[in-house]
Amino acid sequence: MIEAFVWWLSVELLGFIALPATFLLFKKLPDRGYAFGKALSILFVSYLLWIAASAHILPNTRWAIILIIAVLALASLFLAIRRRHELANFISQNRNLIIATELIFLFAFVLWCVIRAYNPDILFGEKPMDFAFLNGILRSDYFPAHDPWLSGFSISYYYFGYLMMATLTKLTGIASSVSFNLSLALVFALTAIGAFSIVYNLVRMMRGRAAAAMGFGLVAAGFVLLLGNLEGVLELFHANGLGSQGFWGWVGINGLDQPYQSIAWHPTDHWWWWRGTRVIDTVVAGTSLDYTITEFPFFSFLFADLHPHLMALPFVLLNLAFCLELVSSSLSPGFDWLKANWPKLLVFALCLGSLGFLNTWDLPTYAFLFILMAFIAAYRARGKVDLHLIGDVAVFAVPLLACAFLFYLPYYIGLQTQVQGIDLVGDVDTRYFHFFIIWGFLLFVAVSFVLAQTWGALRQRLPSWKESLWSIVLPIIPLAAWLLWGLATHTDASILQKFVHILPLLAILFLVLLVIFRRSQIMAKSGDEGEKASLFVLLLLFTGFLITMGCELFYVNDLFGPCCERMNTVFKLYYQAWILLAIGGAFGLYYLGTRWKAANIPGKLARAFWWAAFAILIAGSLIYPLAATATMTNSFGDQPTLDGLAFVERSNPAEYEAIKWLNSNVEGAPVIVEAFGGWVAGAFTNYYRISARTGLPTILGCPYHELQWRGPDQDFGGREQDINLIYQSEDMGQVEMLLKKYDVTYVYVGHLEREQYGEDVGRKFEDFMDVAFANEGVTIYEVREEW
């Protein structure tokens with residue numbers, strides 16, 4: 001486990017370097033952004049490496065990374081010397097907070113290292129793709145990084161997260177098969193302290209004690225990372241033979257049909273844990289009509305696809321922290337703010353723009369949140385909505401969004417996409433029961449907080465007619481847009497049915513807006529820090545509920561078929577909503593726990609019933625994480641290792657030795673040919689394994705993924721036929737021509753090549769190629785230099 005220590009120590013060093021920067025960037029936050037130093041430093045180092053390597057100023061090497069870190073360390077030292085007394089006072093006064101943050105980071109990192117050590121295999125799901133990108137970036141001397149599954153092309157995907165992890169891999173010198181799992185543990189730990197920090201700051205702004213702030217900060221980390229949805233309760237019933245066939249038919253979750261008797265305390269049905277992320281579906285006669293993905297962070301980390309939506313989590317929270325800093329400003333974010341804070345604006349833009357390169361789906365949501373926070377900050381400073389306020393918001397928002405785009409322009413220039421636009425969701429709706437299964441606990445806490453805030457606001461005074469009108473009109477705007485679009489395109493969907501279906505969400509949004517208007521007025525008059533905290537959380541909840549409602553009205557049109565039209569939309573937007581509702585729910589729990597004082601028997605009974613419901617729902621939300629962990633780790637019964645390719649060493653030692661040889665002896669990114677596995681819809685295949693495990697580009701790896709990244713019109717130019725000809729053709733001239741066409745250096749012959757093309761498939765290569773590597777199961781042929 002020495003690799004884990006080196007990885008942790010390197011991240012700690014980067015976090016230490018960032019301390020003076022976070023101290024200055026987060027002036028309004030009680031913890032001065034200490035917890036975000038690690039994420040910010042990783043972002044800065046990776047960004048500077050990417051820009052320098054894209055411009056061919058510096059190569060993608062360890063020494064270039066060390067040089068960038070040294071430059072940042074010198075800049076940090078300069079800031080530290082200038083602010084040494086303030087920094088010393090901060091450290092002295094917040095010693096317990098710093099220790100707590102570091103302990104949470106260490107515990108979370110070690111916890112997920114242990115869990116990954118008992119389930120380390122880089123196999124199934126999107127892991128082969130993730131590993132291919134990680135290795136491909138490691139082999140790229142300059143950027144854009146080459147695509148390991150389409151030789152001659154660069155990656156056409158949001159790959160900044162992979163670049164960050166590759167940067168740390170190069171810095172530490174750890175093998176990528178180990179750093180893959182360390183990256184998962186790192187993202188888990190960074191997310192934990194990010195959630196902790198935001199709620200800690202919110203509680204302190206409410207004048208809560210430091211101990212309470214730390215406690216509810218931990219609650220926030222748990223809500224974000226350790227809770228599951230309530231599908232685990234159904235799985236437990238199903239695994240213990242409970243429920244009739246009619247009941248399970250009504251439940252309507254694909255695979256939950258005939259109950260059985262589990263041989264363990266947890267479900268043992270094959271891949272039972274998968275169903276918790278595929279809750280929303282409409283199945284008629286065994287056919288899916290609305291197949292969606294309903295992942296949540298715990299599943300993502302346990303299943304361990306090192307995918308963009310997961311790697312973006314710490315940086316999503318970093319942007320939320322900047323939003324909190326912005327809404328806490330005493331200046332309206334106009335020209336005066338810009339003059340005093342232009343370096344901060346550039347950092348805001350760099351971090352906001354990073355989301356487009358990390359996980360593009362996140363960028364619009366957090367740009368929207370930045371603009372909301374700027375609007376509230378301007379209203380707080382001015383006390384009224386007028387043209388000057390709108391001008392101030394525009395002065396802030398336009399350069400923010402422009403810089404967020406321009407800072408990452410090289411990425412956008414080379415990007416191809418399969419997205420074809422936005423379309424309307426028709427008569428397919430999310431069942432209320434399925435919605436509750438996914439959101440039950442977080443919905444309960446968030447709505448309770450909103451109701452408590454509404455009651456408090458109404459007790460002070462009734463809303464004005466303007467507040468009521470805007471609270472009704474604003475949530476209906478998306479529905480009105482859906483209606484007008486539907487009329488223009490002659491959709492068959494029922495308008496009344498859609499309105500009735502989303503009415504509960506409209507009601508929640510109405511209440512949230514009522515309270516936002518009231519809290520904004522109070523904050524504008526008093527400047528109370530507690531009002532800022534409550535208002536910030538209400539804005540998070542408003543955004544979370546708005547995007548969940550949006551999934552019932554619109555979807556991003558991609559290449560997935562009619563049965564899966566809103567699959568990605570629900571997946572990516574629900575994931576965002578989980579973070580927003582989890583942060584809001586943790587703060588809401590603090591608010592309810594400290595503000596809800598029952599003075600009479602009915603009040604005490606209501607409070608007791610609420611806490612009983614809370615206990616039941618949180619217990620139900622913990623069933624999935626506990627049971628799925630037991631299943632995925634085989635109850636911690638296997639030999640632990642962090643090497644994600646250890647399973648290859650056990651199952652196919654010859655291939656493991658060949659991969660190890662390629663990684664140790666082949667420099668750069670020469671093209672290698674391996675067997676073509678066909679057009680498999682998904683990643684559950686053993687083909688394209690050499691390119692994935694070495695980063696060496698192959699002629700064509702997984703075409704299904706290439707279509708997702710590049711769009712349905714992308715023509716691969718008969719590459720699959722060319723690969724088959726290289727292995728099968730008896731015309732040596734034709735084979736040599738194809739090898740030259742794709743600038744091939746190596747031809748790989750292993751067990752899959754022999755299975756697909758015959759046992760003697762490698763014999764012809766011996767006549768005109770050199771044997772670079774050979775063992776009892778694998779031969780690697782190398783093109784001769786005279787070519």
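Scroll up for the structure.
Residues numbered from 1 in each chain as written. Predicted model: local features only at pLDDT ≥ 70, side-chain atom pairs only at ≥ 80, totals over all residues. Heavy atoms only, no water.

Peer 1: It is not clear to me how unusual backbone geometry should be interpreted in this structure. Could you clarify?
Peer 2: For residues besides glycine, phi is generally negative; the peptide bonds are generally trans as well. Geometrically, the link from Phe-143 to Pro-144 is a cis peptide bond, its omega value of 10° lying close to zero. Tracing the sequence through the fold places Pro-144 in the loop between α6 (127-139) and α7 (160-172). Positive phi, close to 55°, is recorded for Asp-743, a residue that is not glycine. Positionally, Asp-743 belongs in the loop between α30 (732-741) and β6 (744-749). (Helix = DSSP H or I, 4+ residues; strand = E, 2+ residues; numbered from the N terminus.)

Peer 1: Just to check I follow, could you spell out the packing of helix α8 (residues 176-205) against helix α23 (residues 567-595) for this structure?
Peer 2: Two packed helices can be described by the angle between their axes and the distance between those axes. Two elements in contact, α8 and α23, have axes separated by 10 Å at closest approach and are oriented at 35°. Between α8 and α23 lies a crossing of right-handed hand. Side by side, α8 and α23 meet where Ala-195, Ile-198, Val-199, Leu-202 and Val-203 of the first sit next to Ile-583, Ala-586, Phe-587 and Tyr-590 of the second. (Axes fitted to C-alpha atoms, helices over the stretch in contact; angles between N-to-C directions. Left-handed = near helix turned anticlockwise from the far one by under 90°. Contact = heavy atoms within 4.5 Å.)

Peer 1: Please explain the side chain of Glu-295 as it appears in this structure.
Peer 2: Relative to the assigned elements, Glu-295 resides in the loop between β2 (287-288) and α12 (297-303). At 5.1 Å, Arg-278 is the nearest oppositely charged side chain to Glu-295, a buried residue that forms no salt bridge. Here Ser-300 takes part through its side chain, which lies 2.5 Å from a polar atom of the side chain of Glu-295. Of note is the side chain of Glu-295, whose polar atom sits 3.1 Å from the side chain of His-309. In this structure, Glu-295 is in contact with Thr-277, Ser-300, His-309, Phe-571 and Tyr-575, ignoring residues within four places of it in sequence. (Buried < 20%, exposed > 50% of the residue type's maximum accessible area, 1.4 Å probe, protein only. Lys, Arg positive; Asp, Glu negative; His and termini not counted. Salt bridge = Lys/Arg side-chain N within 4 Å of Asp/Glu carboxyl O. Polar contact = N/O pair within 3.5 Å; in protein donor to acceptor, adjacent residues only side chain to side chain.)

Peer 1: Is there a simple way to think about α23 in this case?
Peer 2: Along an α-helix, residues three or four apart share an orientation, since each turn contains 3.6 residues. The end-to-end C-alpha separation of α23 is 40 Å, in line with the 42 Å expected for 29 residues at 1.5 Å each. Of all 29 residues in α23, 26 are buried; the element is thus mostly enclosed. (Expected span 1.5 Å × (residues − 1).)

Peer 1: Please clarify how the nonpolar core should be interpreted in this entry.
Peer 2: Ranked by internal contacts, the top residues of the largest apolar core, which has 275 residues, are Tyr-159, Leu-186, Trp-439, Phe-536, Val-747 and Phe-765. Among the elements that take part in this core, α8 stands out by supplying 20 residues, more than any other. One finds Phe-23, Leu-24, Tyr-34 and Phe-90 within the second-largest nonpolar core, a separate group that totals seven residues. (Core = buried A, V, L, I, M, F, W, Y, C linked by side-chain atoms within 4.5 Å.)

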